[in-house]
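Reading the structure
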Number of protein chains: 4
Amino acid sequence: MSHNSFGHLFRLTTWGESHGPAIGCVIDGCPPGITFRVGNDIQSFLDKRRPGQSRFVTQRRELDLVKVLSGTLESNDGTHTTTGTPIALHIDNTDQRSKDYGNIAQSFRPDHADYTYFKKYGLRDHRGGGRSSARETACRVAGGAIARRVIEHLSPGARIRGALVQIGTRKIPAAQWGGNWSSDHINDNDFFCPDVDTAKAWTEDLDRVRKAGSSVGAAIEIIADNIPAGLGAPIYGKLDSDLASAMMSINAVKAVEIGDGMAVAELSGEANADEIRSGPNGQPQFLSNHAGGILGGISSGQSIICRFAVKPTSSILTPRRTIDETGADTEIITKGRHDPCVGIRAVPVGEAMMALVLADHLLRHRGQTGR
Amino acid sequence: MSHNSFGHLFRLTTWGESHGPAIGCVIDGCPPGITFRVGNDIQSFLDKRRPGQSRFVTQRRELDLVKVLSGTLESNDGTHTTTGTPIALHIDNTDQRSKDYGNIAQSFRPDHADYTYFKKYGLRDHRGGGRSSARETACRVAGGAIARRVIEHLSPGARIRGALVQIGTRKIPAAQWGGNWSSDHINDNDFFCPDVDTAKAWTEDLDRVRKAGSSVGAAIEIIADNIPAGLGAPIYGKLDSDLASAMMSINAVKAVEIGDGMAVAELSGEANADEIRSGPNGQPQFLSNHAGGILGGISSGQSIICRFAVKPTSSILTPRRTIDETGADTEIITKGRHDPCVGIRAVPVGEAMMALVLADHLLRHRGQTGR
Amino acid sequence: MSHNSFGHLFRLTTWGESHGPAIGCVIDGCPPGITFRVGNDIQSFLDKRRPGQSRFVTQRRELDLVKVLSGTLESNDGTHTTTGTPIALHIDNTDQRSKDYGNIAQSFRPDHADYTYFKKYGLRDHRGGGRSSARETACRVAGGAIARRVIEHLSPGARIRGALVQIGTRKIPAAQWGGNWSSDHINDNDFFCPDVDTAKAWTEDLDRVRKAGSSVGAAIEIIADNIPAGLGAPIYGKLDSDLASAMMSINAVKAVEIGDGMAVAELSGEANADEIRSGPNGQPQFLSNHAGGILGGISSGQSIICRFAVKPTSSILTPRRTIDETGADTEIITKGRHDPCVGIRAVPVGEAMMALVLADHLLRHRGQTGR
Amino acid sequence: MSHNSFGHLFRLTTWGESHGPAIGCVIDGCPPGITFRVGNDIQSFLDKRRPGQSRFVTQRRELDLVKVLSGTLESNDGTHTTTGTPIALHIDNTDQRSKDYGNIAQSFRPDHADYTYFKKYGLRDHRGGGRSSARETACRVAGGAIARRVIEHLSPGARIRGALVQIGTRKIPAAQWGGNWSSDHINDNDFFCPDVDTAKAWTEDLDRVRKAGSSVGAAIEIIADNIPAGLGAPIYGKLDSDLASAMMSINAVKAVEIGDGMAVAELSGEANADEIRSGPNGQPQFLSNHAGGILGGISSGQSIICRFAVKPTSSILTPRRTIDETGADTEIITKGRHDPCVGIRAVPVGEAMMALVLADHLLRHRGQTGR
């Protein structure tokens with residue numbers, strides 16, 4: 001029921017605003033005996049999401065150094081072992097500069113949460129958007145990093161990987177992604193792009209957008225491999241239902257697709273059916289994966305494939321018509337340090353949400369069935 | 001946490017299989033003092049979803065007569081007044097014919113939940129797919145009908161309407177839908193189609209599909225008008241996150257879009273911004289609705305727009321390769337009475353899910369803010 | 001969050017009023033593959049709780065025949081096997097006679113829920129007290145019966161037993177209860193009393209109460225043996241916290257004790273310590289059980305001991321001063337068919353609540369730890 | 001579902017161990033626009049619970065200075081206004097001295113959570129008991145302080161007050177407590193004792209206990225006045241059920257009573273009935289309060305009265321027989337700095353839990369009924 005918690009048995013609660021002293025999260029329900037090291041296992045993911053790493057993301061400079069305040073036993077070599085009690089993670093805010101936001105304090109940025117927050121709560125924290133700041137997603141990435149360790153522990157061989165697959169109208173060729181994807185390319189460009197040529201084109205595209213003080217949307221794909229069959233539940237605990245909720249909860253996301261997604265509307269039953277053959281080791285071998293690894297809300301053992309679209313940030317330099325808190329007409333431009341394409345940093349966030357959903361479902365499935 | 005419940009303060013729990021004696025649901029948390037009549041306010045929506053009404057939906061013949069077993073005071077004229085206690089709704093199954101399913105008892109239909117249920121639970125009820133049958137959605141429609149009454153009571157003027165907007169590759173022209181839509185057309189054809197010409201074309205399309213023993217996907221759009229600003233919450237209680245979860249939980253749905261949906265990936269910040277002007281009565285007037293009525297997870301007062309895609313049913317007459325419960329290769333065709341386009345009947349189900357989400361958020365918002 | 005649901009992974013939702021057509025419940029989260037027979041495994045517990053079985057309980061005559069409407073596969077010999085999907089249980093009401101309540105329709109019975117329901121909901125169902133009727137507890141007993149089967153499956157040798165240990169000022173001698181208790185006596189009297197002599201004395205006591213049109217309170221003890229160590233959680237998921245919630249939710253209960261209960265206020269640390277010795281098979285042997293089998297919110301492997309007190313029913317023949325719905329002074333007597341000691345029928349209900357809590361915690365523990 | 005969260009709409013999540021760097025909590029669902037000052041409104045309650053304030057509580061010296069890290073707007077004069085987003089409270093641990101616990105690292109203190117934690121998680125943090133330390137209750141007090149502000153805002157005139165009413169066999173005379181209680185005495189002694197003479201006697205009693213290295217149990221009473229009628233729900237959301245859960249979740253509590261508590265077992269229906277007369281202003285006037293302000297799980301508008309018993313701490317100087325982690329017999333004494341009567345510091349904790357339950361139910365009631 002909590003508005004700032006996610007998950008059931010493996011549960012993340014986040015708190016904090018971009019312009020307060022810190023942000024953080026509490027992970028409840030983590031199995032005991034899971035080991036991790038802060039640098040390798042958490043900080044590395046936070047560093048991927050961290051702003052200020054290229055000219056294509058906000059120039060806000062946060063170190064995003066995470067501290068573990070509870071829930072583990074730390075050995076002398078720095079290895080943490082979870083105790084089964086709540087794990088509190090804490091990240092200090094080091095670069096607030098709230099004066100940047102002074103000129104938008106009384107007006108509502110079109111397409112931003114300014115107006116709706118004001119209507120909901122009757123007041124709002126205009127500095128950095130309060131809770132609607134993308135800064136909150138650092139907590140998801142930190143919590144998702146622990147979730148990954150749980151998944152690796154319970155389901156050896158499992159792997160979660162994400163990439164940017166579209167910026168504006170330019171999509172990566174499908175052949176470059178999916179089964180053929182390798183980590184060689186994805187981390188050697190500014191976009192988590194698995195295709196060298198597309199990364200080059202995006203560089204030019206985004207330089208234009210950035211210099212114009214504009215912004216552009218994007219699409220992200222997250223894939224989880226080697227996840228066991230059986231996760232999820234038939235009706236309101238469907239694995240894809242929880243993934244849809246998870247991805248749609250990321251800032252600026254407007255659509256979520258599983259497998260073939262919106263394109264299934266065009267398919268025939270024959271084309272859509274993922275036929276099955278008896279595979280090696282008695283495991284079923286699916287001949288295609290239109291379903292994105294989920295049938296009837298339950299994982300099939302195929303790769304779980306999820307895509308989502310991120311809208312362009314509403315913080316742009318072109319004046320837009322809007323109203324202020326008194327209801328009067330005005331115009332607004334946003335001068336803060338913002339992302340020309342917020343979709344880039346959504347890649348590690350999407351991976352984290354996938355990890356959080358899967359860790360929760362692994363525990364729920366084990367609770368009900370013992371497997 | 002419950003796998004068969006949906007919502008928080010306004011909460012629906014459903015039970016039942018298509019081949020058992022009955023299906024039903026319990027609605028918990030309904031405000032007291034809401035009035036309804038079974039015929040006008042519940043049965044009318046069930047009748048829209050009911051199978052057997054045209055040659056384009058399953059020929060299973062269920063009366064779907066709903067009984068109210070608790071939670072209301074019934075006056076002599078048949079008006080029910082809710083008491084605030086749980087409302088149990090009960091629908092007898094009258095047309096099971098489980099022999100139709102005999103030939104698929106041991107094999108897994110490709111793209112169906114057969115295989116994943118078996119992997120999850122170690123056993124399965126092959127008759128009609130057990131819980132994965134679309135029959136469960138009758139309970140959503142019944143529960144959603146009560147939710148509509150709650151919304152109408154708390155937010156006078158609110159209206160929820162849905163339509164089929166795509167079958168296969170044929171989409172309705174955008175101008176026929178959206179603000180210009182009227183109920184004149186939508187209920188006078190077999191497809192919940194707001195456009196007369198498209199309905200005719202779909203008739204021909206689907207006759208071909210039906211005669212071929214095939215099936216086809218579809219897309220549905222659900223719109224809620226006159227919903228107050230302020231519903232939802234910033235992070236994990238986002239209104240769009242809950243809508244995504246709700247729609248993705250409907251059988252065969254593979255994608256959910258809010259507002260411009262996947263298309264936002266292509267937009268610039270300028271194009272995507274819904275500019276605002278001071279409107280009559282001091283209410284803001286939005287100049288466009290790319291956001292689909294939700295900003296930062298909170299309703300803006302604009303129409304809430306949600307779309308989802310439904311895959312073609314996997315029950316087709318063309319043989320598909322699959323395996324049986326022993327893991328051996330086999331082929332399968334499905335002879336049962338099935339829908340050539342399950343998306344048609346998803347229209348009233350999508351409306352019901354929209355109603356359930358909104359009723360829950362109206363109560364949650366009132367709980368936290370008193371408004 | 002739901003007001004009519006109990007438990008998390010193993011979850012009971014109940015519905016229905018005593019004067020409607022039926023009552024029932026939905027059990028969600030039951031593991032698949034659990035077998036039961038309706039007669040032996042559910043009906044037998046309902047029969048223990050059923051009214052009209054002696055002159056000391058309400059003369060309302062309900063057959064309380066339970067029907068299983070979903071969630072199982074039934075074999076030809078009547079054995080049900082759970083499928084992992086929601087189990088709906090349904091009990092028709094056969095003896096409503098709502099005219100009995102006519103004279104109390106407008107006044108509030110002192111110490112009854114009449115007044116508080118009216119204040120909460122602004123209206124009330126005066127027939128039989130609506131949801132506050134003890135009739136709802138039949139659903140708990142039915143759900144608890146399934147929970148017992150889960151416990152027996154997951155924790156072989158587990159046993160749950162309850163007894164009445166006090167009526168009015170007369171308590172059973174402690175030596176007759178606890179470890180020495182046997183089922184020989186408890187089911188051969190009208191009180192679930194483990195002591196023959198006390199049962200005789202209670203017969204005389206209660207005949208006096210009954211003939212005077214009065215009522216009297218009682219205390220019940222519920223013991224669970226052979227429950228594994230490790231169930232529960234340190235803080236807000238404490239096993240005793242959930243037991244307290246469960247027992248206090250039973251109608252008319254005003255206190256819950258674990259182990260020595262209120263008496264611990266008088267103890268010294270030395271007296272209260274349950275010392276431990278190394279026992280046979282390497283299992284710890286506790287030398288006493290002041291803690292009632294729960295330490296720090298987690299089961300220790302000792303017998304779990306819980307007691308609760310039930311107030312006398314407020315339905316008595318002696319006039320009591322009260323007010324009516326307009327706020328005017330009046331007097332009231334209650335002529336309906338009621339229990340001189342509602343505590344008697346609380347014994348099977350307390351057993352059911354213990355079973356529901358333990359089944360839920362077995363699944364939650366397995367989910368988090370895999371054990 | 002979360003094991004470390006409490007409440008539904010107003011929800012507290014706590015984290016931290018006594019021997020880590022800090023403890024803290026997150027409050028989710030707080031209404032916007034509630035004002036508080038850290039010193040007066042939070043720190044003052046923490047100071048009441050703080051150890052080291054008299055020779056009768058643990059000599060551990062913690063400053064317990066609370067910091068607000070999110071969820072408010074702070075004005076120049078230090079007034080915080082809640083924004084409706086999660087409020088993170090943080091308390092640094094300043095006095096760990098974990099070496100004190102070295103000698104009990106491998107053995108299980110009888111009646112302590114050592115053994116059960118080890119059995120649940122397969123490992124344990126022996127320093128200060130990990131999560132089972134009473135230190136966690138500082139977070140409840142901090143969260144409860146915010147809850148008080150919510151209650152005062154929504155229900156003007158509401159007041160929550162607690163006192164110690166029993167240490168060992170010595171109880172305060174009933175006349176000194178209840179309606180006649182005044183704050184004159186309760187804060188001028190070391191025990192939160194409302195009676196001067198009893199406070200003197202307890203001083204002598206506890207000096208004996210303390211010098212003997214022993215400990216003793218206690219009972220606490222918490223009263224909430226001027227709480228509106230209508231809070232709670234009929235079945236599993238009963239107000240008393242949630243209070244029972246709340247109080248039983250406090251460390252070392254073994255029993256919870258509402259109103260007359262266990263004594264109702266002895267009462268007749270006539271004696272137990274709280275008769276009602278038409279009072280001034282048309283409000284009902286109850287002639288007694290056996291029910292403790294709750295009927296059928298819903299508040300009646302009378303004072304809500306709750307009592308609970310706290311067992312003596314298991315940390316004593318007299319050797320007790322136990323086993324170690326290998327299962328071998330041993331003896332143990334506990335030399336750490338502990339409370340001779342942990343019940344004393346449970347008074348502000350009990351008040352906090354009462355506040356948390358009431359704040360949650362005020363919001364839940366408003367959500368469902370709009371009142």
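Our structure's up above, just so we're on the same page.
Residues numbered from 1 in each chain as written. Chains lettered and ligands numbered in written order. Predicted model: local features only at pLDDT ≥ 70, side-chain atom pairs only at ≥ 80, totals over all residues. Heavy atoms only, no water.

**Some remarks on helix α3 (residues 137-154) of chain D**
Inclusion rule: The way it works is that DSSP assigns letters per residue, a run of H or I at least four long becomes a helix, a run of E at least two long becomes a strand, and they are numbered from the N terminus. Here the expected length of a helix is defined as 1.5 Å per residue gap, with one fewer gap than residues. Note on exposure labels: buried denotes an accessible area under 20% of the residue type's maximum, exposed denotes more than 50%, and partly exposed covers the range between, all computed with a 1.4 Å probe on protein chains only.
The terminal C-alpha atoms of α3(D) lie 25 Å apart, and with 18 residues this matches the ideal 26 Å at 1.5 Å per residue to within 8%. Of all 18 residues that make up α3(D), 14 are buried, and the element is covered over most of its length.

**As for the relation of the copies chain D and chain C**
Put simply, the rule is: Our superposition of the copies is a least-squares fit, built on the C-alpha atoms of residues whose pLDDT is at least 70 in both. In this analysis, two residues are considered to be in contact whenever any of their non-hydrogen atoms come within 4.5 Å of each other.
Once turned by 180° and shifted 0.0 Å along the axis, chain D lies on chain C with an RMSD of 0.0 Å. Given the turn and translation reported, the copies of this chain are related as if by a two-fold rotation axis. Using C-alpha coordinates, one finds that chain D approaches the rotation axis most closely at S245(D), a distance of 2.4 Å. In this assembly the copies share their binding face: 100% of the residues contributing to the interface of chain D also contribute to that of chain C.

**Looking at helix α2 (residues 114-121) of chain B**
With six of eight residues buried, α2(B) lies mostly within the body of the structure. Those residues of α2(B) not exposed but buried are D114(B), Y115(B), T116(B), Y117(B), K120(B) and Y121(B). Check the buried side of α2(B) and you find it contacts β14 (284-286), β15 (294-295), β16 (298-299) and α8 (346-369) of chain A. Looking at the residues trailing α2(B), positive phi occurs at G122(B), about 80°.

**Here we look at the pairing of strand β8 (residues 87-92) of chain B**
Residues and elements named next belong to chain B. Defined as follows: For two strands to be treated as a pair, DSSP must find at least two bridges joining them.
Taking burial as the measure, the six residues of β8 include five buried ones, the bulk of the element. Here six bridges tie strand β3 (residues 22-28) to β8, and the two strands are oriented antiparallel to one another. If you follow G24 over to β8, its bridge partner there is H90. Here strand β5 (residues 66-68) runs beside β8; their pairing, made up of three bridges, is antiparallel. Paired with V68 across the bridge in β8 is L89.

**Considering the environment of T369(A)**
The condition is simple: Pairing of N or O atoms within 3.5 Å defines a polar contact, subject to two protein rules: one partner must be a possible hydrogen donor and the other a possible acceptor, and residues neighboring in sequence count only if both atoms are side-chain atoms.
Assignment of secondary structure puts T369(A) in helix α8. Under the relative-accessibility criterion, T369(A) is labelled buried at 13%. Sequence spacing of T369(A) and G230(A) is 139 residues, and the spatial spacing of their C-alpha atoms is 9.8 Å. Every residue in contact with T369(A), bar those within four places of it in the chain, is listed here: K120(B), P32(C) and R366(C). One polar contact links the side chain of T369(A) to the main-chain carbonyl oxygen of H365(A), over a distance of 2.8 Å. In terms of polar contacts, T369(A) uses its side chain to reach the backbone amide nitrogen of R371(A), at 3.2 Å.

**What to know about the side chain of S249(A)**
Within the fold, S249(A) resides in the loop between α6 (239-248) and β12 (253-258). Separated by 2.7 Å, the side chain of S249(A) and the backbone oxygen of A246(A) make a polar contact. When sequence neighbours within four positions are dropped, the list of residues in contact with S249(A) reads R140(A), M353(A), I235(B), Y236(B), K238(B) and S241(B).

**Examining the pattern of salt bridges**
All names here are of chain D. Inclusion rule: By definition, a salt bridge exists where a carboxyl oxygen of Asp or Glu is found within 4 Å of a side-chain nitrogen of Lys or Arg.
Applying the stated rule across the entire model yields 88 salt bridges over all chains. Residue D111 pairs with K311 through a salt bridge whose shortest N-O separation is 3.2 Å. With D111 in the loop between β8 (87-92) and α2 (114-121) and K311 in the loop between β17 (304-310) and β18 (320-323), this residue pair connects regions lying 200 residues apart in the sequence. Residue classification places D111 among the buried positions, given a relative accessible area of 5%. Its salt-bridge partner being E257, residue R307 comes within 3.0 Å of it at the nearest N-O pair. Taken as a pair, R307 in strand β17 and E257 in strand β12 (residues 253-258) lie far apart in primary sequence, 50 residues in all. By the burial criterion, R307 is buried, and E257 matches it.

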